[in-house]
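Letter by letter, the chains look like this.
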Number of protein chains: 2
Amino acid sequence: MKDVLDQGLASIPGLESCGAHLGFKYKKKDMGLIYFPDGAEVAGVFTQNLVQAHPVKFCQAQLEAASRFKVIAVNSGNANACNGPDGWQALKTCQACLCDCLEVKAEEFLMASTGVIGESFDVSPLLAKCQSLCDQLGRTSSDDFAQAILTTDTCTKQLAYQFDGYRIAGVAKGSGMIHPNMGTMLAFIATDADLNQAQLGKLLYQVTQKTFNRITVDGDSSTNDSAFLAATGQAGPVDLDQFAQDLEVVMRELAQMIVRDGEGATKFVTVRVESAQDEAQALAVAKSVATSNLVKTALYGEDANWGRVLAAAGYAEGLPVDPDRMSISFQSLAGAITPYQDGQAQVMDEDLAKRILHEDEVLIQLNLGLGQAQVDVWTCDFSHDYIKINAEYRS
Amino acid sequence: MKDVLDQGLASIPGLESCGAHLGFKYKKKDMGLIYFPDGAEVAGVFTQNLVQAHPVKFCQAQLEAASRFKVIAVNSGNANACNGPDGWQALKTCQACLCDCLEVKAEEFLMASTGVIGESFDVSPLLAKCQSLCDQLGRTSSDDFAQAILTTDTCTKQLAYQFDGYRIAGVAKGSGMIHPNMGTMLAFIATDADLNQAQLGKLLYQVTQKTFNRITVDGDSSTNDSAFLAATGQAGPVDLDQFAQDLEVVMRELAQMIVRDGEGATKFVTVRVESAQDEAQALAVAKSVATSNLVKTALYGEDANWGRVLAAAGYAEGLPVDPDRMSISFQSLAGAITPYQDGQAQVMDEDLAKRILHEDEVLIQLNLGLGQAQVDVWTCDFSHDYIKINAEYRS
């Protein structure tokens with residue numbers, strides 16, 4: 001049971017947020033703040049890419065040293081990645097400036113960045129407008145914050161629910177360089193439940209495996225992926241198992257919002273692998289299919305090309321699959337077809353196949369015929385616009 | 001030292017070839033034969049995809065059972081993959097028909113197929129025209145054969161050289177679903193050197209690791225990848241080390257021809273990883289960069305986006321890289337730039353960068369600063385036409 005709340009992150013008691021245009025980007029909002037006046041327990045998960053942005057390294061150290069924080073600052077327009085000592089200095093300048101304005105200690109500060117990699121991060125726009133940014137806190141819903149963290153995204157991604165006894169709200173951004181290997185892109189999730197950093201860290205890690213780590217847009221893992229889970233504590237103690245389930249609802253929805261807004265995507269696709277020997281095998285096969293450029297272009301072409309699905313399953317790493325035991329189905333609001341069953345090609349109604357794949361949401365189902373494990377991975381199709389966006393955008 | 005021969009495969013004494021339109025495809029040539037009147041020692045390497053086409057499984061068994069062969073038949077237009085017992089029957093029918101026409105034993109016959117996966121393979125066109133196909137043998141250069149095995153390829157891929165004491169010639173096909181994990185696509189290499197199957201098998205495997213297994217177009221591994229190396233023996237015994245070197249010249253050139261004709265490709269790109277700890281690390285990093293959709297779209301956009309190169313190096317599997325020790329250069333006939341050196345972004349002349357990437361052939365050089373190993377991997381850019389070709393083509 002859950003009720004929808006309409007203030008986004010700001011629905012969480014003990015949390016304020018804001019977002020504004022400072023000048024890192026030409027025109028759009030480019031910096032946002034999440035502020036906990038009384039502090040919050042915070043945990044984070046970060047990219048496993050060995051090339052990590054300065055804020056990723058910074059937050060890992062901060063979270064290691066403390067459990068309660070008052071500020072999470074986020075800028076878009078510059079990833080502050082691969083900027084050497086200057087990038088580190090830029091981050092420290094942001095920290096000093098914002099902590100000063102908000103009268104917060106340096107150890108209570110976290111920061112995330114997203115945008116172009118390797119471009120010098122000139123922080124003078126923040127120095128000039130720090131006070132006016134901070135003055136926005138608490139005056140609006142979290143719309144401004146959700147807007148301020150976008151890059152190639154075409155829409156904001158946020159939600160807030162009242163569950164039984166506590167609230168959970170989240171904001172995410174991400175559209176390209178999406179193949180998370182931890183949390184994804186940027187995600188900020190908050191609750192008023194009373195949980196400590198250790199509990200939050202465990203929950204965030206576990207639920208990330210089933211949500212953010214099961215989406216892909218283009219197979220490229222980012223240098224800046226960061227997901228944070230903060231708890232203000234005002235709703236009191238909670239049942240951990242129930243909270244984990246509710247958190248999964250929130251994080252799965254945020255993850256799927258990212259895929260729906262995948263660069264150039266015209267379709268939202270669930271790749272479901274069933275009857276695998278174990279979950280690792282199901283996941284490996286599902287990811288292999290979900291990242292195959294040939295499968296993704298066939299989906300764009302609305303072609304029920306099960307041969308490409310089978311080929312991608314065949315080169316998945318891990319436990320071996322057996323093509324003679326596999327079945328493949330395509331399903332959508334327009335119907336369902338199974339062109340390959342128990343290792344045999346079936347006569348396929350091409351008109352029906354076309355109608356099924358013409359829908360915006362498609363399910364590809366692979367039954368491996370080997371065991372009991374099942375996994376869903378979410379992906380999108382691969383269109384002309386992906387090429388256009390990424391041939392022209394420097395990230 | 002090598003001299004160019006102009007008859008392709010047919011330059012090899014003891015080898016005849018042909019190609020014709022039988023009717024597997026609408027109009028273009030779709031079946032070719034390589035024929036050794038006196039037999040030849042033959043070895044093969046095949047896709048490591050667990051989903052294997054019928055001819056792949058067939059050839060593995062044939063090569064296991066015998067070392068000398070008289071016929072390699074190849075059809076395009078149908079991959080004869082995932083066709084169940086009917087696919088196996090279709091292959092056996094081709095074998096019976098061709099062996100009968102050519103008066104060759106069933107155990108002297110090999111066959112490869114390429115085209116659509118999972119589409120029923122109707123062999124009646126061969127039954128109708130088998131004799132007229134066989135009558136073409138030896139009457140032309142290998143052009144007809146090279147044409148007969150193409151699918152989405154825009155050009156034939158063949159070469160023939162006179163080395164010191166022997167000849168080596170080869171024909172290949174491939175354009176999409178190119179991310180070989182063994183030999184690639186289809187390749188047929190022949191020599192008049194006197195080598196037995198065991199020697200040929202070892203040579204083919206070793207040289208494949210450095211040539212066909214170092215190219216990528218789209219990261220998708222095929223169900224039909226097959227490479228054959230045949231020796232007619234007429235030139236007598238050879239020095240094995242020298243032969244391996246010459247074979248590598250031939251196979252590297254064939255591999256690069258495939259990348260140059262990559263689906264939608266406008267650029268031929270060498271990704272060179274230097275100063276790696278070992279060759280496995282160099283290869284993992286080079287492949288990660290060479291398969292990154294974001295790197296490939298940036299190349300299409302002629303954008304020296306070294307941040308994407310660095311990010312792709314950062315998520316390569318295997319030994320860890322250290323971004324602080326890395327350097328990245330772009331090079332072409334128009335010049336060279338090093339926008340990232342020893343872990344530091346450098347001021348980049350954007351006009352020069354644009355001119356460098358405007359060329360048809362580009363070298364991306366990554367120095368890892370960790371050791372002595374070096375590897376080249378060949379790839380192409382990722383253009384609108386890749387999406388167009390693969391949204392519309394069923395393979």
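What you see is a predicted model, and the numbers here were worked out from it, not measured in a lab. (Residues numbered from 1 in each chain as written. Chains lettered and ligands numbered in written order. Predicted model: local features only at pLDDT ≥ 70, side-chain atom pairs only at ≥ 80, totals over all residues. Heavy atoms only, no water.)

Quick word on the domain arrangement of chain A
Residues and elements named next belong to chain A.
Item 1. The assigned domain composition of chain A is domain 1 (3–261) and domain 2 (268–392).
Item 2. Spacing between the C-alpha centres of domain 1 and domain 2 amounts to 33 Å.
Item 3. Linking domain 1 with domain 2 are two salt bridges.
Item 4. A salt bridge links Glu 279 to Arg 214, with the nearest nitrogen and oxygen atoms 2.9 Å apart.
Item 5. Counting across the interface, domain 1 meets domain 2 through four residue pairs in polar contact (both at pLDDT 80 or more).
Item 6. Here the element with the most residues in the side of domain 1 that touches domain 2 is helix 6 (residues 240–260); it accounts for four residues.
Item 7. Of the residues assigned to the side of domain 1 that touches domain 2, the class counts are four nonpolar, six polar and five charged. (Domains from an automatic or database assignment. Salt bridge = Lys/Arg side-chain N within 4 Å of Asp/Glu carboxyl O. Polar contact = N/O pair within 3.5 Å; in protein donor to acceptor, adjacent residues only side chain to side chain. Helix = DSSP H or I, 4+ residues; strand = E, 2+ residues; numbered from the N terminus. Nonpolar A, V, L, I, M, F, W, Y, C, P; charged D, E, K, R; others polar.)

Details of the interface of chain B and chain A
Item 1. Chain B puts 51 residues into the contact, and the matching count from chain A is 50 residues.
Item 2. Of the roughly 4,300 Å² buried where chain B meets chain A, counting both sides, 56% is carbon and sulfur surface.
Item 3. Applying the counting criterion to the chain B and chain A interface returns zero salt bridges.
Item 4. Along the contact surface separating chain B from chain A lie five residue pairs in polar contact (both at pLDDT 80 or more).
Item 5. Listed by contribution, the elements that provide at least two residues to the side of chain B that touches chain A are helix 2 (84–102), helix 8 (293–300), helix 9 (306–314), strand 13 (344–345) and helix 11 (384–392) of chain B.
Item 6. Taken together, the residues of the side of chain B that touches chain A sort by class into 25 nonpolar, 19 polar and seven charged. (Contact = heavy atoms within 4.5 Å. Buried area = accessible area lost by both parts, 1.4 Å probe.)

Topic: the confidence of the model for chain A
Item 1. Chain-level statistics for chain A give a pLDDT mean of 90 and a share of 97% at 70 or above.
Item 2. Under the prediction, the complex receives an ipTM of 0.75, its pTM being 0.79. (pLDDT = per-residue confidence, 0-100.)

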